[in-house]
Amino acid sequence: MPNLTADIPAKPRLRAGMIGGGEGAYFASYHRAAMRLCNRFELAAGVFSSSPAKSREAGRALGIDDERIYPSVQAMAAAERGRRDTIDVVVVVTPNHLHFEACQAFLAAGIPVICDKPLVNRLGEVDALLELVRRQPTFFGVTYTYLGYPMVREARSRILAGELGEIRFVQAEYLLEWLCQGSEGLSDSLAWRGDPAKAGPTSVVGDIGTHAFSLMELVTGQRCRRLNANLSTRVPGWPMDDHCVAQLEFDGGADGLMWLSFAAPGHRNGLSLRVIGSKASLEWRQETPETLHVRPVDGAERIYRRGQADNHPHARASSSLPAGCSEGYLEALAVLYADFAEAMATDELRPGIGSAPLPGIAEGARGVQFCHACLQSSQERSWVELPTVDAE
């Protein structure tokens with residue numbers, strides 16, 4: 001696992017392309033900053049906007065040669081496939097509805113992909129991408145950012161080591177407040193999340209529920225096998241779901257509960273995870289990410305802090321600053337990018353979920369299935385099964 005400050009000896013840097021991320025893009029600049037911070041990527045090509053003029057403007061601002069600022073995804077995939085200095089990976093940071101075209105084009109060209117979540121909008125698109133990866137094995141990573149936090153990895157390590165005993169209950173919350181004052185006057189980067197043509201079949205579930213879902217599965221090592229969800233709209237004028245409560249059942253026997261909202265006053269980025277076992281419980285909160293709370297049966301609460309000697313190896317190796325020097329969201333995303341670079345440099349085509357929780361195409365597919373299952377459950381007022389995903 002990488003340490004973001006370990007720059008000697010040098011590690012190989014990968015040539016990256018980017019789809020999306022021109023002027024006005026919300027998260028693309030965070031992705032580029034994380035790529036720079038981990039020192040494993042150099043941006044060499046891209047289609048930064050559907051407008052060729054805006055794409056050129058963004059590409060030139062980012063120092064990209066004019067000949068590698070492309071007018072379309074298809075043109076870029078075809079041209080890069082034939083270059084001797086072709087890109088090593090493409091990063092897809094467009095709105096959701098444009099993910100599939102880009103992922104499909106570059107996988108077909110044999111170029112590895114890192115894609116923002118949710119992976120795609122339609123189940124048929126998931127099947128098409130999985131088939132491409134099975135037919136021509138190619139690295140595929142999904143940027144579930146919160147899996148890059150050291151104390152999330154610490155939580156996973158302690159659970160897999162049996163410290164909590166039998167896992168009985170898992171609770172995740174992801175609460176935001178940006179929609180509290182209504183949908184009028186929202187920036188384009190937020191407003192499209194309420195447009196089903198762009199956001200997909202769900203809004204709050206696809207946008208933030210997929211993050212919570214990935215945490216629940218990858219930290220506990222259990223897969224959700226069925227769920228019962230209620231999607232609702234609480235904010236007048238918002239055209240899609242802005243609130244969700246879901247019950248989940250996991251294949252390891254645990255029950256789960258998830259609560260999501262775009263309109264929860266006082267919650268700036270309120271993602272939290274609580275896992276209850278037969279021997280102990282643990283809790284992690286994104287707004288205080290440096291600590292992990294573990295509460296054993298009939299014993300004192302233990303507060304583990306990032307960067308300390310009592311952290312598990314993968315948590316320690318994912319830390320970049322000394323204990324007491326806070327790390328946050330940008331470092332977590334950079335750690336994830338560094339993990340992806342390390343996997344590609346060692347020819348690990350699938351990130352997998354072994355000792356460290358690295359999300360690949362199977363985890364991306366699970367997120368899409370989760371969105372559709374929540375919608376179906378809410379519409380039918382019933383429990384819905386989640387299928388398994390085979391990416392091999």
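We now turn to the structure provided with this report. On a predicted model such as this, the values are computed, not experimentally measured, just so you know.

**Some remarks on the packing of aromatic side chains**
One pass over the full model with this rule turns up 14 aromatic pairs. Ring centres 6.4 Å apart and planes at 45° place the aromatic pair F27 and Y329 in the tilted group. Pair noted here: F27 is in the loop between β1 (14–19) and α1 (28–38) and Y329 is in helix α11 (residues 329–345), with a separation of 302 residues, a long-range link. Taking relative accessible area as the criterion, Y329 reaches 22% and is therefore assigned partly exposed. An aromatic cluster is present here, built from Y26, F27, Y30, Y146, Y149, Y174, W284 and Y329 joined pairwise through their rings. Residue placement shows R158 over the ring face of Y304; its charged tip is 3.7 Å from the ring centre. Its end group placed over the ring of W383, R226 keeps NZ or CZ at 4.5 Å from the ring centre.

**Concerning the sheet that holds strand β14 (residues 384–385)**
Pairing is mixed in the open sheet, where nine strands are placed in the order β13-β12-β11-β10-β6-β9-β8-β7-β14. Two strands lie at the open edges of the sheet, namely β13 (302–305) and β14, each paired on one side alone. Note that strand β10 (residues 270–277) and strand β11 (residues 280–285) share five bridges and pair antiparallel. Considered in β11, the bridge of S272 is made with R285. Against the sheet, helix α9 (residues 204–220) engages β6 (167–175), β7 (224–232), β8 (243–250), β9 (255–261), β10 and β11, with an angle of about 150° to β9.

**Some remarks on the packing of α1 against α11**
Two elements in contact, α1 and α11, have axes separated by 8 Å at closest approach and are oriented at 65°. Between α1 and α11, the interaxial angle falls into the category roughly perpendicular. α11 is crossed by α1, and the crossing has right-handed handedness. Residues Y30, H31, A33, A34, M35, L37 and C38 of α1 form the contact with α11, whose participating residues are Y329, L330, E331, L333, A334, Y337 and A338. Here the residues of the contact of α1 with α11 are counted per class, giving 12 nonpolar, one polar and one charged.

**Notes on the state of the cysteines**
Note on terminology: a disulfide is the covalent bond linking the sulfur atoms of two cysteines. In total, this model carries zero disulfides according to the counting rule given. Free of any disulfide, C103 has its nearest neighbouring cysteine sulfur in C115, separated by 3.7 Å. Accessibility expressed as a relative area gives 0% for C103, which makes it buried. C224 forms no disulfide, and the closest cysteine sulfur to it belongs to C374, at a distance of 8.2 Å.

What counts and what doesn't
Residues numbered from 1 in each chain as written. Predicted model: local features only at pLDDT ≥ 70, side-chain atom pairs only at ≥ 80, totals over all residues. Heavy atoms only, no water. Phe/Tyr/Trp six-rings, centres within 6.5 Å; stacked < 30°, edge-to-face > 60°. Helix = DSSP H or I, 4+ residues; strand = E, 2+ residues; numbered from the N terminus. Buried < 20%, exposed > 50% of the residue type's maximum accessible area, 1.4 Å probe, protein only. Lys NZ or Arg CZ within 6 Å of the ring centre and 35° of its normal. Pairing = 2+ DSSP bridges. Contact = heavy atoms within 4.5 Å. Axes fitted to C-alpha atoms, helices over the stretch in contact; angles between N-to-C directions. Parallel < 35°, antiparallel > 145°, perpendicular 65-115°, else oblique. Left-handed = near helix turned anticlockwise from the far one by under 90°. Nonpolar A, V, L, I, M, F, W, Y, C, P; charged D, E, K, R; others polar. Disulfide = S-S within 2.5 Å.

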